[in-house]
Amino acid sequence: ILNVEQSPQSLHVQEGDSTNFTCSFPSSNFYALHWYRWETAKSPEALFVMTLNGDEKKKGRISATLNTKEGYSYLYIKGSQPEDSATYLCAFTSGYQKVTFGIGTKLQVIP
Amino acid sequence: ETGVTQTPRHLVMGMTNKKSLKCEQHLGHNAMYWYKQSAKKPLELMFVYSLEERVENNSVPSRFSPECPNSSHLFLHLHTLQPEDSALYLCASSQGLEDGYTFGSGTRLTVV
């Protein structure tokens, strides 16, 4: 069983604050790391696909970094807005093409 | 709308009922998946179909029976479920794991 951990499990931030959370995954047999955003009553939506150590991806105010040697990825949100409220999932894909999801970080942005 | 459509959105069924969940994608993806999400647990992979062939079955009880008649449609047939099977069932499709999944909105299943 592959261990993919996300922390924190939930957090509340004020509108305008910047925040970040972590996805930890096995540091061996890495293939890809995905981040998804899952708003209540909607489908999980792909944010980033990361495949190379040192990758940095950015989409608007959201960015992510990847360290495959130590087995972690950070997701950053700059100037959080209420519409950023969602659960953020990471998914680790191994070289055996097995995908393991984390439990997610539930973000609530308070206006 | 993501391009992956699931019906129904909500389903309540008794333990002796037979029902089916439907998933449809017209994205041209060659793989389709069923995932289960129970409260406070990560998404759990149930079944994978690639080019209409089942390539993975993660020790799912036989009361769940998948069917993939073509590359655009995926079903999950349910029979004599247990209350602990109550969960959100998500369908997804992909063109390759490096591209990630496109998910449907899910079916919220309650077994009474």
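Predicted, not measured: the structure shown is a model, and the values here were computed from it.

Student: Which residues make up the overall build of chain A, and what values do they have?
Tutor: A tally of regular secondary structure across chain A gives 0 helices and 11 strands. On C-alpha atoms alone, chain A measures out to a radius of gyration of 13 Å, which is about the 13 Å that the 2.2 N^0.38 rule sets for 111 residues. Taken along the three principal axes of its C-alpha coordinates, chain A extends 45 × 25 × 20 Å. Of all 111 residues assigned to chain A, the portion counted as buried reaches 49%.

Student: Outline the overall build of chain B, supporting the account with residue identities and numerical values.
Tutor: Regarding its fold elements, chain B presents 0 helices and 11 strands. Ordered by position from the N terminus, the helices and strands of chain B form the series β-β-β-β-β-β-β-β-β-β-β. For a compact globule of 112 residues, the expected C-alpha radius of gyration is about 13 Å, and chain B comes in at 13 Å, within 12% of that figure. Oriented by its inertia axes, the alpha-carbon framework of chain B measures out at about 35 × 25 × 20 Å. Expressed as a percentage of its 112 residues, the buried residues of chain B come to 46%. Of the contacts made within chain B by residues no fewer than 6 positions apart, 52% connect residues no fewer than 24 positions apart. Total accessible area computed for chain B in this model is approximately 5400 Å², and 48% of it derives from carbon and sulfur atoms.

Student: Mind laying out the pattern of salt bridges, listing which residues take part and the relevant values?
Tutor: Residue and element names in this part refer to chain B. Within the structure shown, the criterion is met by 5 salt bridges over all chains. For Glu-24, the salt bridge identified is with Lys-22, shortest N-O distance 3.8 Å. For Glu-24, a relative accessible area of 24% gives the class partly exposed. Between Arg-63 and Asp-85 there is a salt bridge, with its nearest N and O atoms 2.7 Å apart. One end of the pair, Arg-63, is in the loop between strand E6 (53–57) and strand E7 (64–70); the other, Asp-85, is in the loop between strand E8 (73–79) and strand E9 (87–94), and 22 residues separate them in sequence. On the accessibility criterion, Asp-85 (3% relative accessible area) is buried.

Student: Can you break down the state of the cysteines residue by residue, with the values?
Tutor: Residues and elements named next belong to chain A. Scanning the model with the defined rule gives 2 disulfides over all chains in all. Paired through a disulfide, Cys-23 and Cys-90 show a sulfur-sulfur distance of 2.0 Å. Given an S-S torsion of about 75°, the disulfide between Cys-23 and Cys-90 has right-handed geometry. Of the two residues, Cys-23 sits in strand E3 (residues 19–24) while Cys-90 sits in strand E9 (residues 86–94), which places them 67 residues apart along the sequence. You can call Cys-23 buried: its relative accessible area is 0%.

Student: Account for the interface of chain A and chain B, with residues named and values stated.
Tutor: Between chain A and chain B, the residue contacts involve 18 residues of the former and 20 residues of the latter. It is Trp38(A), Ser43(A) and Phe101(A) that lose the most area in chain A upon contact with chain B, and together they represent 33% of the buried surface on that side. Put simply, chain A and chain B have 0 salt bridges between them. There are 6 residue pairs in polar contact (both at pLDDT 80 or more) connecting chain A and chain B. Elements that contribute at least two residues to the side of chain A that touches chain B include exactly strand E4 (30–38), strand E5 (45–50), E9 and strand E10 (99–101) of chain A. Considering every element that reaches the side of chain A that touches chain B, the biggest residue donor is E4(A), with 4 residues. A breakdown of the residues in the side of chain A that touches chain B according to their chemical character gives 11 nonpolar, 5 polar and 2 charged.

Student: Explain the sheet that holds strand E1 (residues 5–7) of chain A residue by residue, including any values.
Tutor: All names here are of chain A. Strand order in this open sheet of 5 strands is E1-E3-E8-E7-E6, and the pairing throughout is antiparallel. The sheet is open, and its two edges are formed by E1 and strand E6 (56–59), each paired on a single side. If you compare each strand with its neighbour and ignore which way they point, the axes differ by 15° on average. Sheet topology note: the E3/strand E8 (residues 72–77) ladder contains 6 bridges and is antiparallel. Bridged to Cys-23 within E8 is Ser-73.

Conventions adopted
- Residues numbered from 1 in each chain as written.
- Chains lettered and ligands numbered in written order.
- Predicted model: local features only at pLDDT ≥ 70, side-chain atom pairs only at ≥ 80, totals over all residues.
- Heavy atoms only, no water.
- Helix = DSSP H or I, 4+ residues; strand = E, 2+ residues; numbered from the N terminus.
- Rg over C-alpha atoms; globule rule 2.2 N^0.38 Å.
- Buried < 20%, exposed > 50% of the residue type's maximum accessible area, 1.4 Å probe, protein only.
- Contact = heavy atoms within 4.5 Å.
- Areas by Shrake-Rupley, 256 points an atom, 1.4 Å probe, with all protein chains shown as cover.
- Salt bridge = Lys/Arg side-chain N within 4 Å of Asp/Glu carboxyl O.
- Disulfide = S-S within 2.5 Å.
- Buried area = accessible area lost by both parts, 1.4 Å probe.
- Polar contact = N/O pair within 3.5 Å; in protein donor to acceptor, adjacent residues only side chain to side chain.
- Nonpolar A, V, L, I, M, F, W, Y, C, P; charged D, E, K, R; others polar.
- Pairing = 2+ DSSP bridges.
- Axes fitted to C-alpha atoms, helices over the stretch in contact; angles between N-to-C directions.

Remember that the coordinates give geometry; whether it matters functionally is a separate question.
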